[in-house]
Amino acid sequence: MIGTGQRGRNMAIRTKLVAGNWKMNGLRQDGAMLAHTLKEYAAAAAPGTPGCEVLVCPPATLLSEVGGVLVGSGIALGGQDCHAAPKGAYTGDISAEMLADLGCSYVILGHSERRQHHGETDTAIRDKIAAAWRAGLAAILCVGETQEQRQAGKAVEIVSSQLDGSIPHAASAATLVIAYEPVWAIGTGLTATTEDISEMHAEIRRRAPAGIRILYGGSVNPRNCPAILTLSEVDGALVGGASLNANDFWTIVSSYAAK
Ligand code: 13P
């Protein structure tokens, strides 16, 4: 697991990051099996590979189990959301401190599924990012436009306003990662064109802290990852469905093996 300090020192070269977002999938046995297989792949990888940081973000119920399996694997653990408060009367919620306590080093925040199904606003997401930092976690901030917004020519405008509204002033490349996930590409098998990805990532880079890592997410799979992950503005992937299959996920991770 790469600590914040090491991430900070590596920022000049923007260490690639491939993260699996398991979403609300897996019972304990499934999670443990997937984690065991990933640990075996990591152990079998040639020295110096996979050439990127690897992160899995299981549902909260599996963090303890998966974290236990992954000890010593070099694969980092992350949460999928956190509350802004450190503790208190918030039934059903989980604090950033609780994630850190379970061994997490990252937390995904502002995922479009949270924005859509839980009404999360940019302001609420900014507070959650601050909470992540308070607990020593790096935040992965998700941004992205809907199909209608892209068709209306508003994709860059929407993403820019999400960034402006949700990135706290103190953000740095060591504590924040941005994931560009077009909403229409999530779970649909559709991906943005490499031109659109490059354009959006360049725009995000213009607005974000220097040296920040920008991931692409939305139907990334073993077939389309070579074209996406080699784009100069893409620093890795946030993978949903394909991260539930150890072989597919490791194939994506291994895109960086030769780098
Ligand atoms: P899919 O890879 O299943 O499209 O999900 C992407 C995603 O939402 C990752 O956060």
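All values reported here derive from a predicted model rather than from experimental measurement.

### Focus on the nonpolar core
Membership of the largest hydrophobic core comes to 64 residues, with the highest contact counts inside it found for Val-56, Leu-176, Ile-178, Ile-204 and Tyr-216. Take this core: its biggest share by element is 5 residues, from helix H11 (residues 246–253). The contact partners of Ile-204, leaving out residues within four places of it in the chain, are Val-143, Val-159, Leu-163, Ile-178, Tyr-180 and Ile-214. In terms of nonpolar packing, the next biggest core, distinct from the first, is built from 14 residues, Ala-19, Ala-76, Ala-138 and Cys-142 among them.

### Some points on the confidence of the model for the protein
As a general rule, the predicted coordinates of low-pLDDT regions are not to be interpreted in detail. Here the protein shows a mean pLDDT of 94. Residues at 70 or above account for 95%. In the predicted structure, residues 1–11 sits below a pLDDT of 50 and forms 21 contacts with residues beyond four places in sequence or in another chain.

### Points about unusual backbone geometry
The phi dihedral of Lys-23 is positive, around 50 degrees, even though this residue is not glycine. Looking at the secondary structure, you find Lys-23 in the loop between strand S1 (17–21) and helix H2 (28–44).

### Section: the layout of surface pockets
Here the idea is plain: a probe the size of a water molecule rolls over the atoms and shows the empty space left. Considering only enclosed or pocket space, the largest pocket measures out at about 550 Å³ in volume. Considering each element in turn, the lining of the largest pocket owes the most residues, 4 residues, to helix H5 (residues 112–118). Among the residues forming the lining of the largest pocket, the class breakdown is 9 nonpolar, 8 polar and 5 charged. Roughly 220 Å³ of volume is contained in the second largest pocket. Together, 19 residues line the second largest pocket, and Lys-23, Gly-187, Ser-219, Gly-240 and Gly-241 are the ones closest to its centre. Residues of the lining of the second largest pocket, tallied by class, amount to 7 nonpolar, 10 polar and 2 charged.

### Observations regarding H2
In a regular helix each residue adds 1.5 Å, so 17 residues correspond to 24 Å; H2 covers 24 Å between its end C-alpha atoms and thus fits that length. Gly-31, Ala-32, Leu-34, Ala-35, Leu-38 and Ala-42 are the residues of H2 that are buried. Across the axial projection of H2, the buried residues extend over an arc of 165 degrees, all falling on one side. Set apart from the buried face of H2 by more than 90 degrees, the exposed residues are Gln-29, Met-33, Glu-40, Ala-43 and Ala-44. Among the structural elements, strand S2 (53–57), helix H3 (63–70) and H11 are those in contact with the buried residues of H2.

### Some words on the site of the ligand
The immediate surroundings of the ligand are formed by Asn-21, Lys-23, His-111, Glu-181, Ala-185, Ile-186, Gly-187, Gly-218, Ser-219, Leu-238, Gly-240 and Gly-241. Here an oxygen atom of the ligand sits 2.9 Å away from a polar atom, N or O, in the side chain of Glu-181. A distance of 2.6 Å separates an oxygen atom of the ligand from a polar backbone atom of Gly-187. If the ligand stood free it would expose 300 Å²; the protein chains cover 94% of that surface. Comparing atom positions with the cavity grids shows the ligand to sit within the second largest pocket. Class assignment for the residues of the shell around the ligand results in 3 nonpolar, 7 polar and 2 charged.

Parameters and conventions
Residues numbered from 1 in each chain as written. Predicted model: local features only at pLDDT ≥ 70, side-chain atom pairs only at ≥ 80, totals over all residues. Heavy atoms only, no water. Core = buried A, V, L, I, M, F, W, Y, C linked by side-chain atoms within 4.5 Å. Buried < 20%, exposed > 50% of the residue type's maximum accessible area, 1.4 Å probe, protein only. Helix = DSSP H or I, 4+ residues; strand = E, 2+ residues; numbered from the N terminus. Contact = heavy atoms within 4.5 Å. pLDDT = per-residue confidence, 0-100. 1 Å grid on protein atoms, 1.4 Å probe; cavity = no way out; pocket = protein on both sides within 12 Å on 5 of 7 lines; lining within 4 Å. Points joined across faces, edges and corners; volume = space filled by probe spheres on them. Nonpolar A, V, L, I, M, F, W, Y, C, P; charged D, E, K, R; others polar. Expected span 1.5 Å × (residues − 1). Arc of directions from axis to C-beta. Near = heavy atom within 4 Å. Polar contact = N/O pair within 3.5 Å; in protein donor to acceptor, adjacent residues only side chain to side chain. Areas by Shrake-Rupley, 256 points an atom, 1.4 Å probe, with all protein chains shown as cover. Sits in = over half its atoms within 2 Å of the grid points.

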